[in-house]
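# Commentary on secondary and tertiary structure
Below are the chains, spelled out letter by letter.
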Amino acid sequence: MKKLKMFVFLSGAVSMLLLFQACAFTTGTDEKAGESSSPKYVFLLIGDGMGQNSVKLARAFGKLNMDAMPVKGELKTNNVLNKTTDSAAAATALACGVKTVNGALGMDKDGKAVESSAALAEKAGYKVGLLTSVTINHATPAAFYAHVMKRAEYAKILSQAYGAKYDLIMGYGVSGVKESAAAGDAEKAGLAVFYKNQDAFFALNAILKPTVVFKPFGYEMDRPKTDDSSKALSDAVELLSVEQPTVAAQAPGYTPVRDAVRPLNEYASKAIALLYKDNPKGFFMMVEGGKIDVGAHANNTYAMVTELLEFDQVVARALEFYQKHPNDTLIVVTADHDTGGLMIPEKLPAGFAAKIAENNTKFNGKKFSFQNDETMQSVQEKLAKQGIANLTAAEKESFEKILKSNSKNKRTALNQNALRIADTRLGVIWKTKGHTAQNVFLFAIGKGAEQFSGVRPNSDVGRIMKGFYEKK
Ligand SMILES: [Zn+2]
């Protein structure tokens with residue numbers, strides 16, 4: 001009780017101060033209107049690597065929930081050096097409201113720690129939940145609690161996750177630290193840990209203390225050293241060592257070792273229920289669809305879209321909550337950057353979605369696959385059987401290059417190449433295996449949503465959201 005009183009006093013003083021500052025520096029900019037009232041429930045939903053054309057392509061697979069949101073905008077994603085961003089710099093902009101250098105999390109370009117919207121929400125008495133379909137100490141979630149200059153400092157990032165004392169930190173594994181050790185450290189830090197028994201987490205009725213949930217890794221890498229995959233791809237495929245059968249089972253070069261896993265939106269649903277319960281103050285929740293990026297880095301159209309559609313199911317769960325609390329809820333859906341520079345035709349051909357799915361089935365090692373001992377003739381015969389006849393000179397050359405290589409895993413390369421050609425023939429072309437500097441979409445609904453309209457720097461998301469909590 002004592003603590004609560006003190007807090008109220010402090011927050012009153014801070015808001016007076018901010019009010020004074022606002023008066024002193026009034027410039028008539030658009031964010032002033034929303035400053036009078038903050039949403040009680042905030043959802044920030046981030047599709048990692050979810051470029052504009054990825055969203056456009058996903059629309060061919062069905063109505064997207066994110067399209068139901070009335071406020072549309074775009075974010076400029078360049079980092080502080082005006083270069084193409086990585087997920088760390090972009091997440092820092094979205095979380096902390098500052099543009100920074102690639103690799104930095106919760107730090108500005110000079111190495112000065114910057115607080116995130118989540119941290120301010122926690123200090124202001126809101127419950128905070130973070131959820132990702134990649135590892136809990138990966139770049140996007142980490143920007144909401146960590147302060148490091150190098151995103152690969154996984155052990156340090158993880159200890160900062162536990163130190164944040166957020167109500168819920170949830171993800172599909174941990175990076176760079178043995179899971180059993182990560183679980184032990186969390187327990188030592190006083191957190192409730194759900195690691196092996198996910199059902200126990202789903203049976204929870206209330207959050208009693210800061211809680212961390214991560215799932216044991218379910219996938220093993222099967223990447224031969226001789227594989228000629230690019231650096232960007234090899235960086236990204238690390239993420240596939242986490243569970244998600246729909247994608248990982250189809251991803252090139254990976255072998256599922258366990259299955260049975262709940263989709264991201266079920267975790268989101270459970271997190272929403274737990275954060276809402278017995279909580280008159282409100283909550284801040286960030287959810288990352290982390291493997292849209294993985295599919296895009298691999299230039300695997302179907303994997304990318306599968307992950308995007310699953311992420312969109314999280315949007316559906318947030319919208320269901322919004323419908324129950326329309327006056328108190330804000331949902332912002334966006335991406336950290338484009339990955340892959342995907343190009344798609346202006347008008348998608350009839351049956352497009354089914355054809356993309358079919359290409360994936362044919363050439364991703366399930367029903368139809370090339371073997372390591374193919375010849376150009378056998379390749380052409382197999383392709384013709386799958387509807388790819390009359391190879392162009394360039395297409396033929398791309399297969400010949402693989403056949404002539406020393407790779408011990410020609411099978412994977414041949415399948416990937418066939419898949420690329422099949423998608424290209426539908427007008428789907430990936431320009432890079434890395435990130436691009438293209439703008440990303442932003443969709444918003446609810447209290448204060450209008451503040452996010454228009455074309456803005458990505459750091460505006462962090463800046464505006466921090467404003468919800470700074471003045472309390
Ligand atoms: Zn990426």
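Treat the numbers as computed from the prediction; the structure is a model and nothing was measured. All residue numbers refer to position in the chain's written sequence, counted from 1. Totals for whole chains, interfaces and linings use all residues, but because this is a predicted model, local features are given only for residues with pLDDT of at least 70 and pairs of side-chain atoms are given and counted only at 80 or more.

## Some points on unusual backbone geometry
With a phi angle near 60 degrees, N82 is a residue other than glycine that sits in the positive phi range. Mapped onto the elements, N82 comes out in the loop between β2 (71-76) and α3 (87-96). Not every positive phi belongs to a glycine, and D278 is a case in point at roughly 50 degrees. Residue position: D278 is located in the loop between α11 (264-276) and β9 (283-289). Counting other C-beta atoms within 10 Å of its own, a residue is labelled buried from 20 upward, exposed at 12 or fewer, and partly exposed in the gap between, with every C-beta atom placed from the backbone. A tally of 9 C-beta atoms within 10 Å means that D278 is categorised as exposed. A run of H or I in DSSP becomes a helix once it reaches four residues, and a run of E becomes a strand once it reaches two; helices and strands are each numbered from the N terminus.

## Thoughts on the environment of D67
By the element assignment, D67 lies in the loop between α2 (52-58) and β2. In the structure, D67 is positioned 377 residues away from A444 in sequence and 9.4 Å away in space, judged by C-alpha atoms.

## Quick notes on the packing of helix α14 (residues 352-363) against helix α17 (residues 410-424)
Note on geometry: axes are lines fitted to C-alpha atoms, helical ones only across the stretch in contact, with angles between N-to-C directions running from 0 to 180 degrees. Interaxial distance between α14 and α17 falls to 9 Å at its minimum, and their mutual angle equals 160 degrees. When the axes of α14 and α17 are compared, the pair comes out roughly antiparallel. Crossing angle aside, the handedness with which α14 passes α17 is right-handed. From α14, I356, N359, N360, K362 and F363 reach across to α17, where they touch N415, A418, L419, A422 and D423. Only Asp, Glu, Lys and Arg are considered charged, only Ala, Val, Leu, Ile, Met, Phe, Trp, Tyr, Cys and Pro nonpolar, and every remaining residue, Gly among them, polar. Class assignment of the residues belonging to the contact of α14 with α17 gives a composition of five nonpolar, three polar and two charged. Comment on the angle field: the value is read as roughly parallel under 35 degrees, roughly antiparallel over 145, roughly perpendicular from 65 to 115, and oblique elsewhere. A clockwise turn of the near helix away from the far one marks a right-handed crossing, whereas an anticlockwise turn of less than a right angle marks a left-handed crossing. Contact definition: two residues whose C-beta atoms, as placed from backbone geometry, lie within 7 Å.

## Here we look at the packing of α11 against helix α13 (residues 301-324)
Describing two packed helices takes the angle between their axes plus the distance from one axis to the other. Contact geometry for α11 and α13: axes closest at 8 Å, N-to-C directions at 25 degrees. Put simply, α11 runs roughly parallel to α13. Here the hand of the crossing between α11 and α13 comes out right-handed. Contacts from L264, N265, A268, S269 and I272 in α11 reach E310, F311, Q313, V314, A316, R317 and F321 in α13.

## Some points on the pairing of strand β13 (residues 440-446)
Of all seven residues that make up β13, seven are buried, and the element is covered over most of its length. Both β2 and β13 contribute to a ladder of five bridges, which runs antiparallel. Residue pairing for β13: E74 is matched across the bridge by F441. When DSSP finds at least two bridges between two strands, those strands are taken to pair. One ladder, built from five bridges, connects strand β10 (residues 329-335) with β13; its direction is antiparallel. Among the inter-strand pairings, I331 is bridged to a residue of β13, identified as I445.

## Here we look at the nonpolar core
Of all hydrophobic cores here, the largest spans 114 residues; its most connected members are L45, L105, A118, I331 and V332. Sort the elements by how many residues they give to this core and α13 lands first, with eleven residues. Formed by eleven residues, the second largest nonpolar core is a distinct cluster that contains V379, A418, L419 and A422. The term nonpolar core refers to a group of buried residues, namely Ala, Val, Leu, Ile, Met, Phe, Trp, Tyr and Cys, whose C-beta atoms join them within 7 Å.

## Describing the sheet that holds β9
Strand order in the open sheet made by the ten strands is β5-β6-β4-β3-β9-β1-β10-β13-β2-β14, with mixed pairing throughout. Two strands in the sheet have a free side with no partner beyond their single neighbour: β5 (192-194) and β14 (454-457). The sheet shows a mean angle of 15 degrees between the axes of neighbouring strands, taken without regard to direction. As paired elements, β2 and β14 share four bridges and run parallel to each other. Its bridge partner being in β14, K76 is matched across the sheet by P457.

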